[in-house]
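Here's the letter readout for the chains.
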Amino acid sequence: MAGLRVWNRVNELAIEHKCDAVLFCGDLTHESVLDAPTADVLMRAVTSWGERRRKFGIPLLLNPGNHSAYDPKAGIFVEAALGGVNDLVRVLGRSLLEMGKVALYNVPFCDDPADAIASIKLRKDRFNLLSIHQGISGCSHAGWKCDDKTGLSPKHFRRFDLTVAGHFHPHQTFAGGFYVGSPFQMDFRDGGEKRGAVLLIIDAERKTWKKQLIGLNEPKFITVFATIKPKSGVVFDEDTPSLEQLKGQYVRVQYEGSQTSFQSHRNALDAEIEKIASVALGVTRLPKIRRQRVQRIKGLDVGMSTQNMFAKYVESDKSDVADLDRSRLVAIANRALEQGGFRD
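Every value quoted in this text rests on a predicted model; they were computed, and no experiment measured them.

What counts and how
Residues numbered from 1 in each chain as written. Predicted model: local features only at pLDDT ≥ 70, side-chain atom pairs only at ≥ 80, totals over all residues. Heavy atoms only, no water. Helix = DSSP H or I, 4+ residues; strand = E, 2+ residues; numbered from the N terminus. Buried < 20%, exposed > 50% of the residue type's maximum accessible area, 1.4 Å probe, protein only. Contact = heavy atoms within 4.5 Å. Areas by Shrake-Rupley, 256 points an atom, 1.4 Å probe, with all protein chains shown as cover. Pairing = 2+ DSSP bridges. Axes fitted to C-alpha atoms, helices over the stretch in contact; angles between N-to-C directions. Expected span 1.5 Å × (residues − 1). Arc of directions from axis to C-beta. Phe/Tyr/Trp six-rings, centres within 6.5 Å; stacked < 30°, edge-to-face > 60°. Lys NZ or Arg CZ within 6 Å of the ring centre and 35° of its normal. pLDDT = per-residue confidence, 0-100. Polar contact = N/O pair within 3.5 Å; in protein donor to acceptor, adjacent residues only side chain to side chain. Salt bridge = Lys/Arg side-chain N within 4 Å of Asp/Glu carboxyl O.

1. Points about the overall build of the protein
Next, step 1: Secondary structure summary: the protein contains 9 helices and 19 strands in total.
Next, step 2: Counting all 344 residues of the protein, 37% fall into the buried class.
Next, step 3: Pairs at least 24 apart in sequence give 62% of the contacts found in the protein among residues at least 6 apart.
Next, step 4: Roughly 19,500 Å² of accessible area belongs to the protein as shown, and the carbon and sulfur atoms make up 51% of that amount.

Spelled out as structure tokens, the structure:
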């Protein structure tokens, strides 16, 4: 129910700071086809916005994103079903919305964002604010950095006084604007990154703005690194948070060492993990050897065949598993491929 907690907290912040509007920059859901629990939370959250905020008159503006797109070319998104829930919820297409001295231009996720932005005619007497849901060159997401081949260049936004973007999860800035980012950490790749809601204050007369990232007190994803010392047993890194700090968080324990060493000291490590598990929301155990394998497989040339990729992966494996017959492993995989067990 993290989503519902976040909605309620944003409701409270909007009233506390007397906001003129709340802008959601895309991806209300992770999939365009909703399961029943997600649909229930989403409908309750959006419905409550109108019921609880009617006397304050704070509209909720939704910019559709790629995760909720049925058909971006046709402008069909999950959010379209929410536009009629109440009069304070507005789904934005390619549109202009004027709020006093601020002109909000919206471009939802689409296949031609550069053309859509270029076609916008600005108002000289307004603070011109652009809302988009796209990848932007120079910005990062999940350890990957976007370039001009896969994203928009910030040069597309030079005409606007400010651009706010959705799509990439980390809160980050770029020339002429910033990514709002996801309101909370989604998985362990987000560990250490600040998340929350952005309070944006615009001075339309001076055409200036400032922002503040406000944390929503949602659980964080924390990786704890452990090693084995001959005399000390299981030892955690010096910067490992205390049990009190791990309380209510998602924790992953990563053991630095070989598979054989991991198995030899597993009981001692499990005892330490139980202490963490007693206070944490969730605990996973990840031997480093698994991460190395994942990195190797991701680092291969994506243009090679499945057969060659698997052969190179097995060849590069450095695990100390006894009696590992790599040639036989490759042969089994190739036979499975021939029989349709895997697909490119």
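2. A word on the sheet that holds strand β13 (residues 177-179)
Next, step 1: An order of β6-β7-β8-β11-β13-β12 is seen for the 6 strands of this open sheet, with the pairing classed as mixed. The open sheet has two free edges, formed respectively by β6 (95-99) and β12 (172-174), since each of these has just one partner strand. With strand direction ignored, the average angle separating the axes of adjacent strands in the sheet is 20 degrees.
Next, step 2: Relative to β13, β12 is paired through 3 bridges, and the arrangement is antiparallel. Note that in β13 the partner of Thr173 across the bridge is Phe178.

3. Let's talk about the pairing of β6
Next, step 1: Pairing analysis gives 5 bridges linking β6 to strand β7 (residues 102-107), with the strands arranged antiparallel. Within β7, the position partnered with Glu98 by the bridge is Ala103.
Next, step 2: Hairpin connection between β6 and β7: a loop of 2 residues separates the two successive antiparallel strands, and Gly100 in this loop has a positive phi of roughly 65 degrees.

4. Remarks on helix α6 (residues 266-277)
Next, step 1: Taking 1.5 Å of rise per residue, 12 residues should cover 16 Å, and α6 covers 16 Å from first to last C-alpha, within 8% of that figure.
Next, step 2: Among all positions of α6, only Leu269, Ile273 and Ile276 are buried. Each buried residue of α6 sits inside an arc of 50 degrees when the element is viewed along its axis, so together they form one side. For α6, the exposed residues set more than 90 degrees away from the buried face come down to Asn267 and Glu274.
Next, step 3: Residues of α6 that are buried sit in contact with β16 (221-229), β17 (233-236), α4 (243-246), β18 (250-255), α5 (259-264) and β19 (282-285).

5. Describing the packing of aromatic side chains
Next, step 1: Tallied over the full model, the rule gives 9 aromatic pairs.
Next, step 2: Ring plane angle 80 degrees and centroid distance 6.0 Å describe the contact between Trp144 and Phe168, whose orientation is recorded as edge-to-face. Taken together, the residues span a long stretch of sequence, with Trp144 in strand β10 (residues 144-145) and Phe168 in the loop between β11 (162-166) and β12 at a distance of 24 residues.
Next, step 3: The class for Phe168 is buried, based on a relative accessible area of 4%.
Next, step 4: A network of ring pairs unites the aromatic residues Trp144, Phe157, Phe168, Phe174 and Tyr179 as a single cluster.
Next, step 5: Here the basic side chain of Lys211 rests over the ring of Phe178, its NZ or CZ set 5.5 Å away from the ring centre.

6. Here we look at the sheet that holds strand β2 (residues 60-62)
Next, step 1: Taken together, the 3 strands give an open sheet; going across it, the order is β1-β2-β5, and neighbouring strands pair in parallel fashion. Both edges of this open sheet fall to β1 (22-24) and β5 (89-91), since each of them pairs with a single strand only. Here the average twist between neighbouring strands, direction ignored, is 20 degrees.
Next, step 2: Sheet topology note: the β2/β5 ladder contains 3 bridges and is parallel. Bridge assignment links Leu60 to a residue of β5, and that residue is Val89.

7. A short note on the confidence of the model for the protein
Next, step 1: When the pLDDT values of the protein are averaged, the result is 83; 82% of them are 70 or greater.
Next, step 2: Contacts of residues 291-297 to residues separated by more than four positions or lying in other chains number 10 contacts, the stretch itself having pLDDT below 50.

8. A few points about the environment of Arg206
Next, step 1: By the secondary structure assignment, Arg206 is in the loop between β14 (197-203) and β15 (208-214).
Next, step 2: Taking the C-alpha atoms as reference, Arg206 lies 8.8 Å from Phe127; in sequence the two are 79 residues apart.
Next, step 3: Looking at Arg206, its side chain comes within polar contact range of the side chain of Asp203, at 2.8 Å.

9. What to know about the pattern of salt bridges
Next, step 1: Counted under the stated rule, the structure contains 13 salt bridges.
Next, step 2: Of the charged contacts, one joins Glu218 and Arg5 as a salt bridge, the two residues approaching to 2.7 Å between their closest N and O atoms. With Glu218 in the loop between β15 and β16 and Arg5 in helix α1 (residues 2-16), this residue pair connects regions lying 213 residues apart in the sequence.
Next, step 3: For Glu218, a relative accessible area of 11% gives the class buried.
Next, step 4: Among the residues examined, Arg5 registers a relative accessible area of 42% and is labelled partly exposed.
Next, step 5: For Arg195, the salt bridge identified is with Asp190, shortest N-O distance 3.2 Å.
Next, step 6: On the basis of relative accessibility, which here comes to 6%, the residue Asp190 falls in the buried class.
Next, step 7: Here the salt bridges do not stand alone but share partners, grouping Glu98, Arg123, Asp125 and Arg126 into one network.

10. Digging into the side chain of Asn106
Next, step 1: Topologically, Asn106 is positioned in strand β7.
Next, step 2: Judged by its relative accessible area of 2%, Asn106 falls in the buried class.
Next, step 3: At 3.3 Å, the side chain of Asn106 and the backbone oxygen of Leu92 are in polar contact.
Next, step 4: At a separation of 3.2 Å, a polar atom in the side chain of Asn106 contacts the side chain of Ser131.
Next, step 5: Ignoring anything within four residues of it in the chain, the contact list for Asn106 reads Asn63, Leu92, Gly93, Arg94, Ser95 and Ser131.

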